[in-house]
Amino acid sequence: MTPGARIAAAIGVLDDWRGGTPAERALLRWSRGARYAGSKDRAAVRDHVFDALRRWRSACVRGGSEGGRGAMIGLLREAGTEPGALMDGNGHAPLPPGPGEAGRTPTTAEARDLPDWFQHVLEEDRPGRLDPIAAALRNRAPLHLRANLLKGDRESAAAALAGEGIETRPVPGVATALEVVAGGRALRGSRAFADGLVEPQDAGSQAVAALVPLAPGMRVLDLCAGGGGKAMGMAARCPGAAVFAWDAAPARMTDLPKRARRLGAEVRVLDQPEDGAPFDAVLCDSPCSGSGTWRRDPEGRWSITPERLAELVRLQGGILDRAASLARRGGVVVHATCSVLRRENEGVVEAFLDRRRGTFERGPSLLREPGPEGDGFGGAVLGRR
Ligand SMILES: C[S@@+](CC[C@H](N)C(=O)[O-])C[C@H]1O[C@@H](n2cnc3c(N)ncnc32)[C@H](O)[C@@H]1O
């Protein structure tokens, strides 16, 4: 495909997304009908689509219309490329921008590429941090890996990857995290991956899971396990601990046993979390706005509403209460989200401690903003007295 044809394909996918189809499904739909597209074409169209979703608001303003075409024109303009150079109408390329597509410079609020109401929430929750967080969320996320301690260490994993042309560097402050700096597209086909030396996982996600205190003999529950990334990380960090997983949507854990086998990790999936209680530690990686990870999941910022955010905060409180009943005395409950908002992190913890009136106490906590060293995450350890 020519560069112009890739842009035309991205415009089609973006318009499908705008019509209500999730971006991944819209990409799949296009991809199924595009047998002529090679793997580089597919990757390029995907990159265009996700770049446009990260910058949708400002790109549409720059491109002079709200839609896939406006967004792609705007993205090219922001990158300093004259859109007509690629959108020249030749072959399968879109037509050049017309007189009605002059666009304009976005306002400061538009240029943050977040809904206005969310900008107010972020400013209220993290005074002074709106601009740096919004700026980070406009860019692509780095590709991070977790070195699997069951099969070696970070250095041996990096050396094995380098031998296959995948260059990495350690992520500061997170003992198991590597950032892929070159050759990332070869990862899934690499020997190092097949042998389970590494697992793709953001450094922020690794850091928040590392908050859970582990020791041999402990029983640990990942109560919102999803695909099981954090459960498998805990199993690797402390093979002598028994790690259990549960999720309200069991289908999300379908691939967990297969992934765990590749990594050599032992994680037991429970039918009900109460089946394995009491636990020494319960991790609640609760559903959240995802605001710390909107680089990876850029649709999230456009679909969240104030009502949904309030509902998530209530849900997080309910999950913590359930976790509290599953933890033994002297054990811990860990609240974690991939949100940067105070109301989804410290706010939920404070409300929980108020409800529990002296039966839980604060332990270590962290808050990470999205940046080169990982996605935004919040985590807090709560000790049961
Ligand atoms: C942020 S994701 C978890 C990601 C996962 N821990 C990982 O590291 O890949 C939140 C998960 O919580 C699950 N969930 C939603 N409501 C829940 C509830 N009431 N109790 C337990 N899990 C719930 C969702 O199905 C989702 O898989």
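Calculation criteria
Residues numbered from 1 in each chain as written. Predicted model: local features only at pLDDT ≥ 70, side-chain atom pairs only at ≥ 80, totals over all residues. Heavy atoms only, no water. UniProt positions renumbered as here; feature names shortened; annotations may be inferred. Helix = DSSP H or I, 4+ residues; strand = E, 2+ residues; numbered from the N terminus. Core = buried A, V, L, I, M, F, W, Y, C linked by side-chain atoms within 4.5 Å. Buried < 20%, exposed > 50% of the residue type's maximum accessible area, 1.4 Å probe, protein only. Contact = heavy atoms within 4.5 Å. Polar contact = N/O pair within 3.5 Å; in protein donor to acceptor, adjacent residues only side chain to side chain. Pairing = 2+ DSSP bridges. Axes fitted to C-alpha atoms, helices over the stretch in contact; angles between N-to-C directions. Salt bridge = Lys/Arg side-chain N within 4 Å of Asp/Glu carboxyl O.

Structural notes on the UniProt feature "domain: SAM-dependent MTase RsmB/NOP-type" (unreviewed entry) in the chain
For step 1, the next point in the chain: Feature annotation in UniProt places "domain: SAM-dependent MTase RsmB/NOP-type" (unreviewed entry) on residues 133-385, given in this structure's numbering.
For step 2, the next point in the chain: Secondary structure over residues 133-385 splits into 31% helix and 25% strand, and the C-alpha atoms at its two ends are 36 Å apart.

Some points on the nonpolar core
For step 1, the next point in the chain: By size, the foremost hydrophobic cluster in this structure holds 30 residues, and its most contacted members are Val212, Val220, Met234 and Val267.
For step 2, the next point in the chain: The set of elements that each furnish at least two residues to this core consists of helix 13 (229-237), strand 6 (242-245), helix 14 (256-263), strand 8 (279-285), strand 9 (327-337) and strand 11 (377-384).
For step 3, the next point in the chain: Among the elements that make up this core, the one with the highest residue count is helix 13 (four residues).
For step 4, the next point in the chain: Sequence-distant contacts of valine 212, defined by excluding residues within four places in its chain, comprise Val220, Met234, Arg237, Ala281, Leu283 and Val334.
For step 5, the next point in the chain: Grouped together as the second largest cluster of nonpolar side chains are 27 residues, Trp17, Trp30, Trp56 and Leu76 included.

Side note on the environment of asparagine 345
For step 1, the next point in the chain: Checked against the element boundaries, asparagine 345 lands in the loop between strand 9 and helix 17 (346-356).
For step 2, the next point in the chain: Taking relative accessible area as the criterion, asparagine 345 reaches 5% and is therefore assigned buried.
For step 3, the next point in the chain: Put simply, asparagine 345 and histidine 335 are ten residues apart on the chain and 7.6 Å apart in space, counted from C-alpha to C-alpha.
For step 4, the next point in the chain: Filtering out sequence-adjacent residues up to four positions away, asparagine 345 remains in contact with Arg126, His335, Thr337, Ser339, Val340, Leu367, Gly378 and Gly379.
For step 5, the next point in the chain: Here serine 339 takes part through its backbone oxygen, which lies 2.9 Å from a polar atom of the side chain of asparagine 345.

Quick notes on the environment of proline 97
For step 1, the next point in the chain: Inspection of the secondary structure puts proline 97 in the loop between helix 6 (83-86) and helix 7 (108-111).
For step 2, the next point in the chain: Judged by relative accessible area, proline 97 falls into the partly exposed class, the value being 23%.
For step 3, the next point in the chain: Sequence separation between proline 97 and isoleucine 73 is 24 residues; the distance between their C-alpha atoms is 7.5 Å.
For step 4, the next point in the chain: Excluding anything up to four places from it in sequence, proline 97 contacts Arg69, Ile73, Arg77, Pro83 and Gly84.

Points about the sheet that holds strand 2 (residues 167-170)
For step 1, the next point in the chain: The strand order across the open sheet formed by four strands is 2-3-1-4, and the pairing between neighbours is antiparallel. Since the sheet does not close on itself, it has two edges, and those belong to strand 2 and strand 4 (198-200), each with one partner. Averaged over all pairs of adjacent strands, the angle between their axes in this sheet comes to 40°, without regard to strand direction.
For step 2, the next point in the chain: Lying on the sheet, helix 10 (residues 154-163) is in contact with strand 1 (143-147), strand 2, strand 3 (177-182) and strand 4; it crosses strand 3 at an angle near 20°.
For step 3, the next point in the chain: Sheet strands touched by helix 14: strand 1 and strand 4. Its angle to strand 4, the strand with the most contacts, is close to 145°.

Here we look at the pattern of salt bridges
For step 1, the next point in the chain: Counted according to the given criterion, the structure contains 36 salt bridges.
For step 2, the next point in the chain: Aspartate 116 is the partner of arginine 57 in a salt bridge, and the nearest nitrogen-oxygen pair spans 3.1 Å. Of this pair, arginine 57 sits in helix 4 (residues 56-63) while aspartate 116 is found in helix 8 (residues 116-125), placing the two residues 59 residues apart along the sequence.
For step 3, the next point in the chain: Judged by its relative accessible area of 39%, aspartate 116 falls in the partly exposed class.
For step 4, the next point in the chain: Two residues, aspartate 202 and arginine 296, come together in a salt bridge whose shortest N-O distance is 2.7 Å. Residue aspartate 202 is found in the loop between strand 4 and helix 12 (203-209), and its partner arginine 296 is found in the loop between strand 8 and helix 15 (300-303); the two are separated by 94 residues along the sequence.

Things to note about the sheet that holds strand 5 (residues 219-222)
Note on sheets: strands pair through backbone hydrogen bonds, and any given pair is parallel or antiparallel.
For step 1, the next point in the chain: Ordered in space as 7-6-5-8-9-11-10, the seven strands form an open sheet in which the pairing is mixed. Of all strands in the sheet, those with a lone pairing partner are strand 7 (267-269) and strand 10 (360-368), marking the two edges. Strand after strand, the sheet turns through a mean of 20° between neighbouring axes, direction not considered.
For step 2, the next point in the chain: Alignment of strand 6 against strand 7, held across three bridges, turns out to be parallel.

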